[in-house]
Amino acid sequence: VMNHPLIQHKIGIMRMKTTSTKEFRDLVSEVAMLIYYEASRNLPLADKEIETPLVRTTVKEIAGKKLCIVPILRAGLHMADGILNLTPNAKVGHIGLYRNEETLEPVEYFCKLPKDAADREIFVVDPMLATGGSAIAAINMLKKRGIKKIRFLCLIAAPEGTKKLQEAHPTLIFTSGRWTSVSTRTAISCRVWATRATASTAQNNCYSSAFGFPVTKNMLYPRGLL
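Residues numbered from 1 in each chain as written. Predicted model: local features only at pLDDT ≥ 70, side-chain atom pairs only at ≥ 80, totals over all residues. Heavy atoms only, no water.

Enquirer: Would you explain the overall build of the protein chain in this entry?
Expert: Each helix and strand in the protein chain was counted, giving eight helices and ten strands. Each of the 226 residues in the protein chain was classed as buried or not, and the buried ones make up 46%. Within the protein chain, contacts between residues at least 6 apart in sequence are counted, and of these 65% link residues at least 24 apart. Split by element, the accessible area of the protein chain, about 11,800 Å² in all, is 54% carbon and sulfur. (Helix = DSSP H or I, 4+ residues; strand = E, 2+ residues; numbered from the N terminus. Buried < 20%, exposed > 50% of the residue type's maximum accessible area, 1.4 Å probe, protein only. Contact = heavy atoms within 4.5 Å. Areas by Shrake-Rupley, 256 points an atom, 1.4 Å probe, with all protein chains shown as cover.)

Right under this line is the structure:
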């Protein structure tokens, strides 16, 4: 959990019912950038020789291939925007999930990753971890595709989802901006509000065109799949 005063301050503003849609979007991006800054602290470095205007010298760079940011659609998109402000050359993937109304199990409807994703450090991002369903499903999807270096970032995490995520993926590096003691029902309400804050008809049409199939309300607001 990140205890940085700026993160706690901005999350507090996000949770206010008087916060506008634009303010909420901006804050999601800003807090994600701050959390990512701390979460990437232990990334491995390698030496690189460069030519400065005066001399040749050795500097540090992140080792291996570029990072990959994978937002869970659609609420994770604004988190990805903030992270890309710090690492604009990072690759981006997308995971889409919705809840089966009969089995209540997560169902994959979209997954687009870089071809060399298995060689990259993957940051899965989603604003709210409530019951843990979508986070667990997304990480399962990545592991089935041979990806091992996975980190999960969220803004707020509920105890139920945190426990389930840690049980399902005990070695996962998991970073949250804030723990919350609220019930799952309250957490679900927060997620629906957060997801709706990113929605518009024009954007929905844009995603339908990009994905090649209709983006339904159930896919945008997957109730209970958090």
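The structure having been displayed, the exposition proceeds.
Enquirer: Hey, could you run me through helix H1 (residues 5–14) in this one?
Expert: It helps to recall that an α-helix has 3.6 residues per turn; residues three or four apart then point in one direction. All of the buried residues along H1 are Ile7, Lys10, Ile11 and Met14. Looking straight down H1, one finds that the buried residues subtend no more than 100° of arc, so they occupy a single side. (Arc of directions from axis to C-beta.)

Enquirer: Would you mind showing me how to read the environment of Lys10 here?
Expert: Checked against the element boundaries, Lys10 lands in helix H1. Distance from Lys10 to Leu27, taken between C-alpha atoms, is 6.5 Å for residues 17 residues apart in sequence. With sequence-adjacent residues up to four places away left out, Lys10 is seen in contact with Leu27, Glu30, Val31 and Leu34.

Enquirer: I keep staring at the pattern of salt bridges and nothing clicks. Help me out?
Expert: Any two side chains of opposite charge can pair, so long as their charged atoms come close to each other. Going through the model one piece at a time under the given rule, you end up with eleven salt bridges. For Glu38, the salt bridge is made with Arg41, and the minimal N-O distance between the two is 3.0 Å. Assessed through its relative accessible area of 60%, Arg41 is described here as exposed. Residues participating in the shared-partner salt-bridge network are Glu49, Glu51 and Arg56. (Salt bridge = Lys/Arg side-chain N within 4 Å of Asp/Glu carboxyl O.)

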